[in-house]
Amino acid sequence: MEEINASIDFDKRLAGQDLAGSKAHAKMLASQGIISQDDADAILKGLEQIETEIAQGHFSFKRELEDIHLNIEARLAELIGPAAGRLHTARSRNDQVATDFRLWVREACARADAGLHAVQKALVAQAAKHADTILPGFTHMQVAQPVTFGHHCLAYVEMFARDRGRFGDAMKRMNESPLGAAALAGTSFPIDRAKTAKELGFDAPMRNSLDAVSARDFALEYLSAASIAATHLSRLAEEIVLWASPSFGFVKLSDAFTTGSSIMPQKRNPDAAELVRAKTGRILGAFVGLSTVMKGLALTYAKDMQEDKEAVFSAADALDLSLAAMAGMVGDLEPNKDAMRRAAEAGYPTATDLADWLVRMLKKPFREAHHIAGAIVKRAEDAGVALEKLPLADMQKIEPGITKEALGVLSLEASVHSRTSFGGTAPSRVREQVAFWQEKLK
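Residues numbered from 1 in each chain as written. Predicted model: local features only at pLDDT ≥ 70, side-chain atom pairs only at ≥ 80, totals over all residues. Heavy atoms only, no water.

Our next topic: the pairing of strand β1 (residues 134-139). Here six bridges tie β1 to strand β2 (residues 142-148), and the two strands are oriented antiparallel to one another. In the strand pairing of β2, G137 is matched with Q145. Counted along the chain from β1 to the antiparallel partner β2, the turn is two residues long, and its residue H140 has a positive phi close to 60°. (Pairing = 2+ DSSP bridges. Helix = DSSP H or I, 4+ residues; strand = E, 2+ residues; numbered from the N terminus.)

Nonpolar side chains tend toward joint burial in soluble globular proteins. With 95 residues, the main nonpolar core has L123, F167, Y222, V312, L319 and M326 as its most contacted residues. Counting residues per element, this core draws most heavily on helix α10 (residues 217-244), at 15 residues. The residues touching V312, leaving out its near neighbours within four places in the chain, are F101, W104, V105, A219, Y222, L223 and L290. A351, L354, A355 and L387 belong to the second largest nonpolar core, which has 19 residues in total. (Core = buried A, V, L, I, M, F, W, Y, C linked by side-chain atoms within 4.5 Å. Buried < 20%, exposed > 50% of the residue type's maximum accessible area, 1.4 Å probe, protein only. Contact = heavy atoms within 4.5 Å.)

Position of E388 among the secondary structure elements: in the loop between α15 (366-383) and α16 (392-398). For E388, a relative accessible area of 35% puts it in the partly exposed group. With 230 residues separating them in the primary sequence, E388 and E158 have C-alpha atoms 34 Å apart. Excluding anything up to four places from it in sequence, E388 contacts L407 and L410.

Right, let's get into the packing of helix α11 (residues 271-294) against helix α12 (residues 308-332). Contact pair α11 / α12: the axes reach a minimum separation of 9 Å and the direction vectors enclose 155°. One way to sum up the angle between α11 and α12 is to call them roughly antiparallel. Helix-helix and strand crossings are classified by hand; for α11 and α12 the assignment is left-handed. For the pair formed by α11 and α12, the contact residues are A272, A273, V276, K279, R282, I283, A286 and L290 on the first element and D308, A311, V312, S314, A315, A318, L319, L321, S322, A325, M326 and M329 on the second. Among the residues making up the contact of α11 with α12, the classes are represented as 15 nonpolar, two polar and three charged. (Axes fitted to C-alpha atoms, helices over the stretch in contact; angles between N-to-C directions. Parallel < 35°, antiparallel > 145°, perpendicular 65-115°, else oblique. Left-handed = near helix turned anticlockwise from the far one by under 90°. Nonpolar A, V, L, I, M, F, W, Y, C, P; charged D, E, K, R; others polar.)

Attention now goes to helix α18 (residues 427-440). In this model α18 runs 20 Å from its N-terminal to its C-terminal C-alpha over 14 residues, within 8% of the 20 Å that 1.5 Å per residue would give. For α18, the complete set of buried residues consists of P427, V430, Q433, V434 and W437. The buried residues of α18 occupy an angular sector of 120° when projected down its axis, which confines them to one face. Those residues of α18 that are buried are in contact with α6 (93-129), β2, α7 (149-174) and α17 (412-418). (Expected span 1.5 Å × (residues − 1). Arc of directions from axis to C-beta.)

Moving on: a nonpolar patch on the surface. Together, L184, L210 and L299 make up a nonpolar patch on the protein surface, roughly 270 Å² of accessible area in all. Structurally, L210 can be placed in helix α9 (residues 209-214). (Patch = residues over 30% accessible without salt bridge, like charges linked within 9 Å, V, L, I, M, F, W, Y side chains within 5 Å. Areas by Shrake-Rupley, 256 points an atom, 1.4 Å probe, with all protein chains shown as cover. Salt bridge = Lys/Arg side-chain N within 4 Å of Asp/Glu carboxyl O.)

See below:
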């Protein structure tokens, strides 16, 4: 029973939040006349000593005391005697753990936001340096149209901005205090829940005591936002893995973010990126696991909820580490402009530019222009030349109206510079977005 029931091995991570909640509760009890000021002072002094002991690594966590709450309460009793027992007046472990956990998850949201901000800044710095560095854009992992590396980096800046918005929204929704809901029904003592809520940085107390002790949607929302952010990190990690491979050769990572092989001395493996990619499974698994725990629970508290913390702690650790690693990798990588350009030249990526020219200059319907451009690409493939190297006469055999002016739109530079629509890959647009994000991320 002790083995399955104890949670101190993992919930000791809530020590800081538990101490903060206890301090706020003790102050409120004294201000309401529920306990004496002398007892409150003794409690606060004892809690301060416990905080110091934990910070210095001198606190003894005992499994027989089950959880962080009883461990702290027992130590408080050792320090100040019977007055320690007054601290639990008008509260329960149910609202205590709900409060502690909300405080911890709120901090995890803030850490995620800071980590995402760091990744964004690293990406924007790369975009600023490579607003006109050309690489192939892909669809279906086939060369599609030329884009710039800066534009590619900024796509992830946008994704991570939405991730930050999700964590911010989650923080707003979870920022209500369960403290004072007691076991499930509230308390008969004249407590001031607004006071403890304010002391702990909450916007207000939760309005329903049953909901206060049993809600874990704040943890699910954190895990949901973390899962989406991890998915975005994994996509970028996958691209780094591909780009760093000899087959692509688009980027080089230093030894700081790669490892060697035990038998192949030439290897430089992008292990950091691979591990970021893999940790997405852990984070998504935590969301699925906690959802499964909560889906069958009637109101209010059940011991099943003890399984909420390990999943969140593990996911948060994985996300925090992944964000730090990704910010480091993005800042560390060196693009290989020549390799990017060579890859962009393959696969006739400016065929759409030719079709657009036919629409614009010859007033062809786009579907007809698409067909003509496809036939010209086929002619270039048969001749084994790049599209802009195909003789004009060969193009005119397929569409007599084509003039030498059409050749001017077929270079990679002409293609990327022409994409001037808002959000497009034109270097001028990329620099606009770099300036926007530099200001926004200050």
